[in-house]
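The primary structure of each chain is shown beneath.
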Amino acid sequence: MSKAKSQYQCTDCGAIANKWNGQCADCGAWNTLEEALNTGTGKAANPRFEGYAGNSKITSATDVSLSAQARISSGLSELDRVLGGGLVHGSVTLLGGDPGIGKSTLLVQCLANLSVNHSTLYITGEESLQQVAMRAKRLELPQEHLRLLAETRVESILAHADKEKPDFMVVDSIQTVYTELLNSAPGAVAQVRESAARLVRYAKQTGTAVFLVGHVTKEGALAGPRVLEHMVDTVLYFEGESGSRYRVIRAVKNRFGAVNELGVFAMAEKGLQVVNNPSAIFLSKHPEPVSGSVILVTREGTRPLLVEAQSLVDTSHGGSPRRVALGLEQNRLAMLLAVMHRHAGIAMFDQDVYVNVVGGVRISETAADLPVLLAALSSFRNRPLPADLVVFGEIGLAGEVRPVANGEERLHEAAKHGFKRAIVPFANKPKSSIKGFRVDGIHRLHEALDLLD
Ligand code: TYD
Ligand code: MG
C-alpha cells in the first residue's frame, strides 16, 4: 500500500491544508493544524466525526438483542466494580495513570485470569515479551493460554487480531501504537487518535473487549489532549500517592456503570490485591484524639467511604497566606475559609491553611465542605474533635449547610465502623434513629461550632 500524501486539518474550523502551517489560512487560528488522513475526497478523515454505523440497518429498540451486555468477571472484584459489574463484549476501556503506578500489572493479572475460560491477547509496545512473561510467572498467574504479541503498528495488530480472534485484548500502551498512513511519530496526537479509532472500530465490529493503556501527562490529562476520552466507552484513572502501597481506580466516564466509582487495591508482593474493606485503610489510627483531624463520609460512585481529612493551620510568615489542599480542590478551600469568616466570624487571613486527605484518595464531591472547615478550626484552636464523630455536608456561600445525596447510607456506614456521633445537614437526618448513634442535623455553619463548644 503506498503512503498517502499527508494532509493537515484545522481543529477549530475543519479547513484542509496540504502543508503544515502555524496559522490556519481559513479561520486565522494559531497552532491548530494537525495531520489528518487523506481520503482523496478533499475532506480529511477525522475519526472524531466518524460513526460506527458501517453497513448496519435500522431496528426497533425492542428487537435489539441485549445478550451482548452480559458481564464477564475480570477475576478482580474491585475492577469489576469500577467497570459497573464486569467486562462487556465489544467495549473499549481506557486505563490511564502515572508511569509505574501498576497499569501493566493490573491488566496482566486481569487478562491471565480471563485466559482460563476465554481467548485473550496482550499486545505490548513498551515491554519485551520476556518482561511480560516473567511478570506473569512471578505473580503465579495462569499463563498457559495467555497469548502475547510485541507489536506497535496498528495494521499489523489488527491483522493478528483478525486471525487470533481474542475475546479480550489489551494494548499497552496506545501512545506507542502508530499507523503507517500518517507520517507523524508515534505518540503524536493524530497517531494516537487514528490508532485508537481503528482499535475502537475493531472492538465494535468483532465484539472483542479492548483495554487501552494511556499515559498521563504532568497536567493530569491523558496524553493526546483528552482526544481518547470520548472515543471509548469507559475511562478509568489510577490514583495513589507514590509512597503509599494503596491504589485507587476511579471511573471518570462509564457507558456501562456509575461514574466516580472507586476500586481499591494494594500493591503487594504478588501484584495488585483487592481491598475488601476500603474504609479501614483511609483512617489513621491515633492512640488519642489529635487536633486538625476529622472523619468524613464521602460517597464516590455507589458506595460510602470513611476517609480522614487532616488540617494544619499555622501563623503565616509571608505576604499572602498559603492555602494548600491535597486530595481536594484548592479554590474550594479558599472559598470555604471566606464563608467561615463571613458567617461564623472566624478569620484565618493571617494563617497558612493546609488540608490533606489521608491515603492519597481524591474527593471530588462537596460533602467534604463541612468536615474540612471543622478540621481547620480544630487545628486553629488546637482542640481535637471527638474521636467517635463523623461529619459531612455541603456549605453554601450564604453560610447554609446543604444536604448531600444518600445521607442515610453514609450514616449507616459510619455506625457500622463503630462511630457514635454525626454532625450532618438537617435534611440528611434519618427518619428512624440508628441504635447507639446520635445524629445532629444543622441548618447553618455556626450551629456546628456551637455543638462542638
Ligand atoms: P507497572 O504495572 O509496570 O506500572 P505501569 O504499567 O503503570 O507503568 O508497575 C510497576 C510497579 O509496581 C513497580 O514500581 C513495581 C511495583 N510492583 C510491585 O510492587 N509488586 C508486583 O508484584 C509488581 C508486578 C509490581
Ligand atoms: Mg506499563
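Residues numbered from 1 in each chain as written. Chains lettered and ligands numbered in written order. Predicted model: local features only at pLDDT ≥ 70, side-chain atom pairs only at ≥ 80, totals over all residues. Heavy atoms only, no water.

### Thoughts on the confidence of the model for the chain
Operational definition: Within a predicted model, pLDDT stands for the predictor's per-residue confidence, ranging from 0 to 100. Throughout, a contact is declared for two residues whenever any of their heavy atoms are within 4.5 Å.
Summary statistics for the chain give a mean pLDDT of 88 and a share of 92% for residues scoring 70 or more. Every residue in residues 47–51 scores below 50 in pLDDT, and together they form eight contacts with partners more than four places removed in sequence or on other chains.

### Considerations on helix H7 (residues 369–380)
Where we set the bar: In this text, helices come from DSSP runs of H or I with a minimum length of four residues, and strands from runs of E with a minimum of two, each type numbered from the N-terminal end. A helix is expected to span 1.5 Å multiplied by its residue count minus one. For every residue, the accessible area (1.4 Å probe, protein chains only) is compared with the maximum for its type, and the residue is labelled buried under 20%, exposed over 50%, or partly exposed between those bounds.
Between the first and last C-alpha of H7 there are 17 Å, a value that for 12 residues agrees with the 16 Å anticipated at 1.5 Å per step. H7 sits mainly inside the fold: 11 of its 12 residues count as buried. When we look at burial in H7, the residues that qualify are Asp-369, Leu-370, Pro-371, Val-372, Leu-373, Leu-374, Ala-375, Ala-376, Leu-377, Ser-378 and Ser-379. Just downstream of H7, Asn-382 is the residue with a positive phi angle, here 50°.

### What about the packing of aromatic side chains?
Let me state the cut-off plainly: Each pair of aromatic rings taken from Phe, Tyr and Trp, with Trp reduced to its six-membered ring, is defined by centres within 6.5 Å and is described as stacked if the planes are under 30 degrees apart, edge-to-face if over 60, and tilted in the remaining cases. Working rule: Lys NZ or Arg CZ, within 6 Å of ring centre, within 35 degrees of ring normal, means a charge sits over the ring.
The final tally for this structure, using the stated rule, is zero aromatic pairs. Over the face of the ring belonging to Phe-392 we find Arg-410, whose NZ or CZ atom lies 5.4 Å from the ring centre.

### Things to note about the domain arrangement of the chain
As a reminder, the rule being used: Domain delimitation in this document rests on an assignment produced automatically or drawn from a domain database. Buried area, as used here, totals the accessible surface that two parts lose on assembly, with accessibility defined by a 1.4 Å probe and the loss added over both. Think of a salt bridge as a Lys or Arg side-chain nitrogen and an Asp or Glu carboxyl oxygen that are within 4 Å of each other. Polar contacts, as used here, are pairs of N or O atoms within 3.5 Å; protein pairs need one atom able to donate a hydrogen and one able to accept it. Residues neighboring in sequence count only if both atoms are side-chain atoms. Only Asp, Glu, Lys and Arg are considered charged, only Ala, Val, Leu, Ile, Met, Phe, Trp, Tyr, Cys and Pro nonpolar, and every remaining residue, Gly among them, polar.
The assigned domain composition of the chain is domain 1 (6–45), domain 2 (72–275) and domain 3 (281–452). Tallying the contact residues gives five residues for domain 1 and eight residues for domain 2. Across the domain 1 to domain 2 interface the summed buried area is about 550 Å²; carbon plus sulfur atoms make up 47%. Contact with domain 2 buries area across many residues of domain 1, yet Glu-34, Glu-35 and Leu-37 alone supply 85% of it, more than any other trio. Between the two partners, domain 1 and domain 2, sit one salt bridge. With a shortest N-O distance of 2.7 Å, Arg-193 and Glu-34 are connected by a salt bridge. Counting across the domain 1 and domain 2 interface gives three residue pairs in polar contact (both at pLDDT 80 or more). Taken together, the residues of the side of domain 1 that touches domain 2 sort by class into two nonpolar, one polar and two charged.

### Some details on the pairing of strand S7 (residues 92–97)
Regular strands place side chains that alternate from one sheet face to the opposite one. For the record, the criterion: Each pair of strands is called paired provided DSSP finds at least two bridges between the two strands.
Burial of S7 is extensive: six of the six residues sit out of reach of the surface. Two elements, S7 and strand S11 (residues 209–215), share six bridges in a ladder whose sense is parallel. For Leu-95, the partnering residue across the bridge sits in S11 and is Val-213. In this sheet, strand S12 (residues 234–239) lies alongside S7 in parallel orientation, the contact comprising four bridges.

### Quick notes on the side chain of Thr-298
Within the element layout of this structure, Thr-298 appears in strand S16 (residues 293–300). Thr-298 gets classed as buried once you look at its relative accessible area, which sits at 1%. There is a polar contact of 3.4 Å between the side chain of Thr-298 and the side chain of Glu-300. With near-sequence residues (within four places) excluded, Thr-298 lies in contact with Arg-303, Pro-304, Leu-305, Val-307, Ile-363, Glu-365 and Arg-410.

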